[in-house]
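# Notes for the structure review
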Amino acid sequence: MTALQGLWPEVQDTCTSLGLILSIVLFMALARVVLQRQMHRPMAHTFVLEFLATFQLCCCTHELQVLSEQEPAHPTWPLTLIYFFSLVHGLTLVGTSSNPCGVMMQMMLGGMSPEIGAMRLMAQLIGALCSRYCMGALWNLGLTRYHVSDRSFVCRNPIQVDLPKAIVIEAICSFIFHSALLHFQEVRTKLRIHVLAALITFLVYAGGSLTGAIFNPALALSLHFKCFDEAFLQFFIVYWIAPSLGILSMILMFSFFLPWLYNNHTTNKKE
């Protein structure tokens, strides 16, 4: 009985954090429904949708970090949450990228105009910064023991390796994820969402203890804004330049190098 009483505060904190995340998801879903009924200008509609998607992703990830601290002895717990909420985001954020690298990929492949791309990037940056201050306000309410007012004002540096290794890790994660995103477009939606959620979980498991395996510049800015302020160049290179290099190398490989290799091989066989 005493053991159960000791566990109860932990369970209560966990349920409160999960309830907060689900409330954010539901509130953003309601906002999207209202948006579709009230806003008819395509550009404004696209901007607000991207803003809401990035805001939801960043807010939920902030709280997922809090949840991961509640069960440090059980590494499968945060991975389970990452998989589950990756599914939730995949189902609710259809038609948005919430990731500047995804916008860059579409622009480079010709699937998005520069004007739309710039607008989406602006929406993502604003959503990322707003989520940070929104979560700071919610943490000030002290809903759980882990919600402390100074969480958003402390730099929690996730980089545990030297700079070259950190760049390689974030670039590889970005390369792998966006390669899957590009080549699974024809797969059925329900299956694709599960595959991408499993891939995100694997990448976080493989690189999370080294750099956080974020491979999303907007999310990195929201999670580690204070670190950007204190060590801007290092964080800019690791969380902005490295994922962009991963995108660029992916496009060069699949759009230029592999087709060239195939055509060269076909020509040699004919000769």
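Since the model is a prediction, treat every value here as computed from it, not as a measurement. (Residues numbered from 1 in each chain as written. Predicted model: local features only at pLDDT ≥ 70, side-chain atom pairs only at ≥ 80, totals over all residues. Heavy atoms only, no water.)

### Focus on the nonpolar core
Under the convention used in this document: Nonpolar cores are built from buried Ala, Val, Leu, Ile, Met, Phe, Trp, Tyr and Cys residues. Side-chain atoms within 4.5 Å join them into one set. Three exposure classes are used, based on accessible area relative to the maximum for each residue type with a 1.4 Å probe and protein chains only: buried under 20%, partly exposed in between, and exposed over 50%. Put simply, DSSP H or I for four residues or longer makes a helix, DSSP E for two residues or longer makes a strand, and each gets a number counted from the N terminus. It only takes one pair of heavy atoms within 4.5 Å for two residues to be counted as in contact.
Ranked by size, the top nonpolar core spans 20 residues in total, and within it I21, I24, L64, F85 and M135 carry the most contacts. Residue assignment for this core shows that the elements contributing at least two residues are helix 1 (2-38), helix 2 (42-70), helix 3 (76-92) and helix 5 (114-139). Counting residues per element, this core draws most heavily on helix 2, at 8 residues. With residues up to four places along the chain from it excluded, the contact list for I21 reads C60, E63, L64, L67 and F85. Core analysis: the next-biggest nonpolar cluster, separate from the first, contains 15 residues, A166, A220, L221 and L223 among them.

### Concerning a nonpolar patch on the surface
Counted only if it meets this: Here the term patch refers to residues with relative accessible area over 30% and no salt bridge, with like charges joined within 9 Å and nonpolar side chains (Val, Leu, Ile, Met, Phe, Trp, Tyr) within 5 Å. To be clear on the numbers: accessible area is Shrake-Rupley with a 1.4 Å probe, and residue cover counts the displayed protein chains and nothing else. When a carboxyl oxygen of Asp or Glu is within 4 Å of a side-chain nitrogen of Lys or Arg, the pair counts as a salt bridge.
A cluster of nonpolar residues, M108, I241, L245, L248, L252 and F256, forms a patch on the protein surface that exposes about 540 Å² of accessible area. For the nonpolar patch, the leading source of residues is helix 10 (residues 232-270), giving 5 residues. In this fold, L252 is placed in helix 10.

### Re the side chain of D13
To keep it simple, the criterion reads: Pairing of N or O atoms within 3.5 Å defines a polar contact, subject to two protein rules: one partner must be a possible hydrogen donor and the other a possible acceptor, and residues neighboring in sequence count only if both atoms are side-chain atoms.
By the secondary structure assignment, D13 is in helix 1. At 2.9 Å, the side chain of D13 and the side chain of R145 are in polar contact. Leave out the neighbours within four places in its chain, and D13 touches Q70, T144, R145 and Y146.

### Things to note about the confidence of the model for the protein
The cut-off we apply is this: Confidence of the predictor at the level of single residues is given by pLDDT, which spans 0 to 100.
Looking at the protein as a whole, its pLDDT mean stands at 86, while 92% of the residues score no less than 70. Counting contacts from residues 1-6, a segment whose pLDDT is below 50, to residues more than four positions away or on other chains yields 0 contacts.

### Let's talk about the pattern of salt bridges
The full count for this structure, using the stated rule, is 2 salt bridges. Residue D13 is joined to R145 by a salt bridge in which the shortest nitrogen-to-oxygen separation is 2.9 Å. In this pair, D13 sits in helix 1 while R145 sits in the loop between helix 5 and helix 6 (163-183), placing the two residues 132 residues apart along the sequence. Among the salt bridges present, the one from R120 reaches E50, with a minimum N-O distance of 2.4 Å.

### Re the packing of aromatic side chains
For clarity, the cut-off: Each pair of aromatic rings taken from Phe, Tyr and Trp, with Trp reduced to its six-membered ring, is defined by centres within 6.5 Å and is described as stacked if the planes are under 30 degrees apart, edge-to-face if over 60, and tilted in the remaining cases.
A complete count under the given rule lists 8 aromatic pairs for this structure. For the ring pair F84 and F85, a centre distance of 5.0 Å and an interplane angle of 80° mean the geometry is edge-to-face. On the numbers, 5.4 Å between centres and 40° between planes, the contact of F177 with F215 is tilted. In this pair, F177 sits in helix 6 while F215 sits in the loop between helix 7 (189-207) and helix 8 (217-223), placing the two residues 38 residues apart along the sequence. An identical accessibility class is assigned to F177 and F215; each is buried. Taken together, the ring pairs connect F228, F235 and Y239 into an aromatic cluster.

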